[in-house]
Structures are given as structure tokens and as C-alpha cells.
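Descriptive analysis of the structure
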Amino acid sequence: MSDANPLPAKERIRIPRVHMPELNAEVRAHNFAEVNQGLAASAAVTEATRCIACARPGCQLDCPVGVKIKDIVALIYAGDFLAAAAKMREDNALPAITGRVCPQESQCEGGCVLGKKGEPVAIGNLERFIADFELQSGQLGLPAIAPPTGKSVAIVGSGPAGLSAAGDLVQKGHRVRVFEALHELGGVLVYGIPEFRLPKAIVKQEVDNLRRMGVEFETNVVVGRSVTLDELMRVEGYDAVFVATGAGLPVFLNVPGEHLNGVYSANEFLTRTNLMRAYKFPEFDEPIYDCRDRDVIVVGGGNTAMDAVRTARRLGAKTATLVYRRSEAEMPARAEEVKHAREEGIEFRMLTNPIEFLGDEKGWLTGARCVRMELGEPDASGRRRPVPVAGSEYVLPSNVAIIGVGTTANPLIQSTTPDLATNKWNYIVADPESLRTSKRGVFAGGDIVTGGATVILAMGAGRKAAKAMHDYLTTEGWDEAHRD
Amino acid sequence: MFRIVEARTAGLNIRQYTIAAPRIARKQRPGQFVILRVKENGERIPLTIKSADPAAGTITIVVQTVGKTTSLLNCLETGDAILDVVGPLGRPSEIKKYGTAAIVAGSVGTAMALPTARALMDADNHVIFIEGARSREMVIFEDEVRAASHEAYILTDDGSYGEHGLVTKKLEEILTAGRKLDFVLAVGPVPMMRAVARVTAPLGIKTMVSLNSIMVDGTGMCGGCRVLLGNQSKFACVDGPEFDASLVNFDVLMQRNAMYRGQECQSLKAFDQHRAEELAQHRAAVATKEKETAQLRAKLEKQGLEAQGETHHV
């Protein structure tokens, strides 16, 4: 696509980045409404004007799903938003979602040449704009569906990896059925990511789009318990299965007092709030510990910890404090979440690690004994290893402590599928390119293979799996193709 | 949606439901449970499966009225529906030939222990079933208890039926008589399970208890059901629900089960004031959902696609 923008590049880069309108921090810290309000059409066009249409666009190099960003930005500049959205859907089945939750600063926007001297083009905000525009227009540019192949595919898990694979496979003419363990579709998009960052209505719309394309969904099925992988293939007749069950069991700190009332895993705290809508108690029945006028600490430095601490704030916490054992520079959370959290009055207590939870005689949490940390030599992750400072212990008063330090593999499928190879951490072993597992016809991707990562990486795995599964379903070659 | 094909009263505030759930019926093993959500705004609660009929595609659960969700559930009748039922969850009971096995069950725990008792009988164990209840109206499934054991003893706390006293009295009697027990399973209220463990564990008798901790997803994802075994943390939903009684920290279990007592009371009180409306609302919502499903099915059939939505169980 040619560069239709008449402004010389020098002029374009002088245009300041258009800022995303946000709800007032004081107000939003007390409700669950979406923080980012979305760009107006005129603002989106202005932002698109800033793109200098590089001959070799750095923004496209690091996109896990290979979105044609340069072409899309040009279409936005031209005002053809629906065409931009349709182009986006060629590579990204869930643009309204990724526009909201991708870590753009380390992917597309991180590769934008404008970022070297100033601020990169707001690619994430533009993506969200065209996806929302399309959804609101009701003129969905759903891709064409190939004639039926007669093959059927089971997808285990309706999170980002599963949904993304479902979209690609149904387009190729395969019958696709997605199995979900919970009662609602979307996986981490509905149980993990809070309403104020990703409204559930958006997830529902994207799921409905897949349904319109012919994808079937079945909730309340725990594969590994309700049905095994072997039964899906031998009894229910699926020609191939994609295992995309996501991150599994929450990791606790294994320190004394972790069974006190008021100590949660971030998964539980977020699932109660998001999936079960406990923030609307008593309109919704699921309870959550009353955070109002209480001190809440959240342990961890990733997006999950950030979501938990901002949720606690919205549930009325008197103080909501993020406790992280490294320094802010090492925090894996998205830059925007850190900024939003600060604006909402979240306290950051870096280089701090809880070593014991303290409770009253009835078993309710009263505080966390913490130790200060300092950074030593780099560890396996390349980040400087935090080491405790001797004699620096102190008690941080808290009534609720939420642990968001990661997850380990859920064993339900592996334990009922003996011929499915796993690594020493019990994650499923899959070929990095074809996502084939050790079991014929079974592919795996997303967090159940890589361990906890991001929505977009899971979606990338979903696309990769769809391509490899299509190859397998059309050639029936497992061993041959496996050697490629 | 999951249709109730038979509802009946089993005892005072105890109801039995047979539900169409073909997937669960095919896979259920003794000791496993389901998690259900009755209605759209409802909470998820775990309930043990009493029996399953794979041919009929049904499972049977037993519900004692405790809080709001069980109160609503126990208002339902044959023909009503439950929005979500997922399972079978948890690890099945370990069934093998132990020798003499005692099943000690309190109140609604009797229903949960029945499938394990039957399986132990089938595995050539001599099964002694001790059922305890507060009073006569809460003695449930006596015929089934007798059919699932070689010896059955019924006790009530107030002596209004069977023998007078607690289940541990009978257990101690059996042991004092010099009889050897090779395996004990206790299912019921936490204080009862703890009392059983205190009798049998010091004697080195392998004793399992089925723990009823608070759960949300039931797949190991949230960790809310964690229990303390010695100094190790285990998840009741995926590592249990049955655990070695000699290791279980019952105090922590009771303390954690009390975590939402305030909210539970609030919900129950509100429900009691609006019982009829809540039930009518649930039925109307089910009817609407059924209509939508039928429309979706018709539309898909028109398009020549296989008519399967997520509500295929209806």
C-alpha cells in the first residue's frame, strides 16, 4: 500500500501523540467502569497521521500474530475504518481485546521508529478504535468460510489461544467445537482480567462473532475429568485436538500463616470478582472478603498482581499496596497499568518480601512480616536476583493479602493422558513450530506449554496451531510433517 | 442447562435430585463431586454425587438446606432446571480389598458415602456402615445404607431413632469389642470427622475423610479450597476431596469454612424474605433461555449446521 499522507515525515513526527481519554482517577478508583474511554474518529485519524510509513516497519516485527500494522494505519488515515478492521481480522481474531490488553510497549509500539526520539504511534489505541468502530457499526467484516472439509476439531479451553485457533480453523471449513470448564466463555479474559480493563461485553461480542462464523461452544466440560482426550478422538470422533487450557494452579509463597482467612491467591480474588461478579454482592451471590476500610496488600509485580491491587482499591480498600521483591524496573506489568495504578492511589512497596503472615486468635489475617531486599547478581531470568537484607524485618499491617506470583501447570489432562509428554514442570511438550505434542492428532499451545505469559502470545500460539492442524487435517501426515 | 428429572424429599431439609447430565453420568466414580450454579447471579457450590446412571444419562445429588443456594435448590421440583453443573470433579475414592471397612457418615454425608460403600462391598470388603443423624427426621437412605453394607448401625443424637449417641460411640464399641478395622472413611460435619480421626488414627487404622472446603472453579485454578495436611498445602478439588485423616488440620478447615459466614447469613436472610419471587424469577429465566436455545437450534438447522449450542443438555 502506498503512502497517501501528503505531509512530509518531518512534519508528521512533530505531531504529538494523541492521548487516550481516561476516567478520572478519583472516580474510577471506586467503580469497575472501563478506565480507557477510546479515541474519537478524528483523534484516531490524527494519530494515524503521525505514522511515517517506514519501508521496513519495525512495528510489525514483534507482533506475535503478524498484524499488517502499516496497511491498517494507512486505512485509518484514509478514514476507511471498516476496511482497516477487516484487514486486522485477517491476522487477529480478537482485536477489541488485544487493543486493550497487549503489552504494546514491548511489541509493536516498542518497534516504532518514532519511539526512538519521541513517543511511538499509539498502535494499541488505534487497534482498539477500529475494533470498537466495527462492533458498533454492526457491519462486521467477518472472513469468508471455506466449504466444509468434513473434518472436526476439538479445542480445549476458550481463552485467547483457543478462541484464536477456533477462528482460523472454522475459516478453513473444519467443524470446530470449543470445550470450556467454567460456565462462561473466554477463559482468563473473563475470570482474570477485570472489567475496568476489559469489559466482559467485549469478550462476549468477540465470542458471538466466532459463533456467527460457525464455531460451536460447550461450557461445563473439564477435559481430563468429564471426558478424556482419547474419548474426544475415539468416541466423539474428533480428528484433531488443540489443548489450550491455560495457566494452572496458583503458586503460594509457602510461608507460615498462608491459611489464615484473608489470604487469597490472585486467581481466586480475581475469579470471585470478575467471573462471579462478587463486587456486585448481594445482587450476585458469590461473596468476597469485605475490603472496605481495610488494608490490602498484593504480592507480585506482573499484570495479575496489578489487576488484583486495583480491584482491591475498587472494592473499597483503605490502603492497597503492591509488595514486590525486586525493583520497579524489573516489574513485568504493562507500563500503562503501573501508571493507572499510581493515579488510583496504589502504594508501591518495592524490594520487599513477605516471610510470614500473622493472624488473630480466630484465624483472621492482621499483618505480614516482611523483609527488605536488595538486588544482587543477575539470575537465570537475566534480572538481578533479590537478596534479603539482614535485620530489616518489619510488620506491614494487613487484613487481606493476595498472592500473585505466578502459576504452575494444571495436571488434569496430563494425568489422564499417559502418552502425552510433559516436561519436568508438568507443562505439555509441544514442538515450537508445529505445536504438535507426542500424541498423534493432539496439539498444544499457550500457557499450558509456555507457562504464564500474555494474551497475545497465547493468541499467536492459537494461530500457529490452527495452521499446523489444518496441514495435518488436509495431509493426514503426522510423522512426515513432524520431521520438517 | 441441566433438567431435574426427579426431585424428592429425603429427610428434614434434605432433598434428592436426579439430574440429566450425560457426560458426568458416564464418568462418575465413588467419592467424586460436581460444582453447580443454579441461576445466572448464583454462586458455585460443590456437592458430592450420590449415584449415577450412565444408561439414563443422569446423576443423583443430595442437598441439605444450609444457605441461600441450597435453600433455592431445595425449592426446585421435577421439571425445573439448574443452569450449570460441572464434573465429575476430584479424585475418586481408592477402592481395593482392605478387609474390614467402616463407613462413618453424619447426616447428609450418608449420601456421599453410599457409592464408596457399595464399591468397597463389590471389592470384597466386609463393610460396616455407621450412620448418625441429629434426630429421626434426619435419618436418610436407611434401606440403601443396609443394602450397601454387611452391618449397618443407625444412631441419633437425641435417641429418637436407632441407638442413642454419636457415631464415635459405636465406633469405639466395635473397637473395644476387639474387632479389627482395616479402613475407615468418615464423611460428614467437620467436628464429626475430627472426632472419628481422634479415635482411629492413634490406632494406626487407615482413615480417610472427605473434606468440604469452600470452592469456586473446582479445577485447581483458584486455590480457595486449600487445606493443611501436616505442613503441606493441598487443594481439595484436585488433590482430594478425600485425605488421610491423621494429617488433616481440622481447625484450619473450620476456620476457613467460616470465612464468609457474615455474607452467607445476609444472603440467606434476604432469600427467606423473597423466596417466592426468587423462585419465580429463576423459572422465568430458565424458560427464556430455553426459548433462545430453541431459536438458535432452529436457525442452525436452517443453515444446515449441526444443532449444538452450549446448552445441548436441554
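Structure: see above.
This section reports on the structure supplied with the text. Every chain is numbered on its own, with residues counted from 1 as its sequence reads. To label them, take the chains in the order written and letter them from A, then take the ligands in the order written and number them from 1. Whole-chain, interface and lining totals are the exception, using all residues; otherwise, since this is a predicted model, local features are given only for residues with pLDDT of at least 70 and side-chain atom pairs are given and counted only at 80 or more. Note that the side-chain values use all heavy atoms of the structure and ignore hydrogens as well as water.

1. Side note on the interface of chain A and chain B
What makes two residues a contact is simply this: any of their non-hydrogen atoms within 4.5 Å. Every contact between the two is made by 54 residues of chain A and, on the other side, 54 residues of chain B. For any pair of parts, buried area is found by adding up, for both, the accessible area (1.4 Å probe) each one loses once the two are put together. Sorting the residues of chain A by area buried against chain B places Arg225, His259 and Asp285 of chain A first, and these three jointly supply 19% of that buried surface. Between lysine 27 of chain B and glutamate 231 of chain A there is a salt bridge; the shortest N-O distance is 2.9 Å. Counted as a polar contact is a pair of N or O atoms within 3.5 Å, where, for protein atoms, one must be capable of donating a hydrogen and the other of accepting one, and residues adjacent in sequence contribute only when both atoms are in side chains. Viewed at the interface, chain B and chain A are joined by 24 residue pairs in polar contact (both at pLDDT 80 or more). The set of elements that each furnish at least two residues to the side of chain A that touches chain B consists of strand E2 (175-179), strand E3 (216-218), strand E5 (249-250), strand E6 (263-265) and helix H13 (266-273) of chain A. Tallying contributions element by element places H13 of chain A first for the side of chain A that touches chain B, with four residues. When residue character is reported, Ala, Val, Leu, Ile, Met, Phe, Trp, Tyr, Cys and Pro are called nonpolar, Asp, Glu, Lys and Arg charged, and the others, Gly included, polar. For the side of chain A that touches chain B, a count of residues per class yields 24 nonpolar, 14 polar and 16 charged. Salt bridges are identified by distance alone: a Lys or Arg side-chain nitrogen within 4 Å of an Asp or Glu carboxyl oxygen. Secondary structure follows DSSP: runs of H or I at least 4 residues long count as helices, runs of E at least 2 residues long count as strands, and numbering of each begins at the N terminus.

2. Remarks on the nonpolar core
Buried Ala, Val, Leu, Ile, Met, Phe, Trp, Tyr and Cys residues that are joined via side-chain atoms within 4.5 Å together make up what is termed a nonpolar core. To sort residues, take the accessible area from a 1.4 Å probe on protein chains only and compare it with the maximum for the residue type: under 20% means buried, over 50% means exposed, and anything in between is partly exposed. Membership of the largest hydrophobic core comes to 82 residues, with the highest contact counts inside it found for Ile76, Ile97, Ile130, Ile155 and Phe242 of chain A. Top contributing element to this core by residue count: helix H18 (residues 455-475) of chain A, with 11 residues.

3. Structural notes on the pattern of salt bridges
Taken as a whole, this structure holds 65 salt bridges over all chains when the rule is applied. Linking glutamate 206 of chain A and arginine 89 of chain A is a salt bridge whose minimum nitrogen-to-oxygen distance equals 3.3 Å. Of the two residues, glutamate 206 of chain A is situated in helix H11 (residues 200-212) and arginine 89 of chain A in helix H5 (residues 81-89); the sequence distance between them amounts to 117 residues. In terms of burial, glutamate 206 of chain A and arginine 89 of chain A fall into one category: buried. Of the charged contacts, one joins aspartate 272 of chain B and arginine 275 of chain B as a salt bridge, the two residues approaching to 2.7 Å between their closest N and O atoms. Looking at aspartate 272 of chain B, the relative accessible area reads 42%, which means it is partly exposed. By relative accessible area, arginine 275 of chain B is classed as partly exposed at 35%. The structure contains a network of salt bridges with shared partners spanning Glu22, Arg28, Arg197, Asp307, Arg310, Arg314, Arg334, Glu336, Glu337, Lys339, Glu343 and Glu344 of chain A.

4. Thoughts on the packing of helix H5 (residues 167-176) of chain B against helix H6 (residues 190-200) of chain B
All names here are of chain B. Direction vectors running N to C along H5 and H6 enclose 15°, while the axes themselves pass 10 Å from each other. One way to sum up the angle between H5 and H6 is to call them roughly parallel. Seen along the crossing, H5 lies across H6 with a hand that is right-handed. Touching Val167, Thr168, Leu171, Glu172 and Leu175 of H5 are Met192, Ala195, Val196, Val199 and Thr200, all from H6. Axis lines are fitted to C-alpha atoms, over the contacting stretch for helices. Their N-to-C directions set the angle, which ranges from 0 to 180 degrees. Angular relationships are summarised with four words: roughly parallel below 35 degrees, roughly antiparallel beyond 145, roughly perpendicular across 65 to 115, and oblique for the angles in between. Put simply, a crossing is left-handed when the front helix is turned counterclockwise from the back one by less than a right angle, and right-handed when it is turned clockwise.

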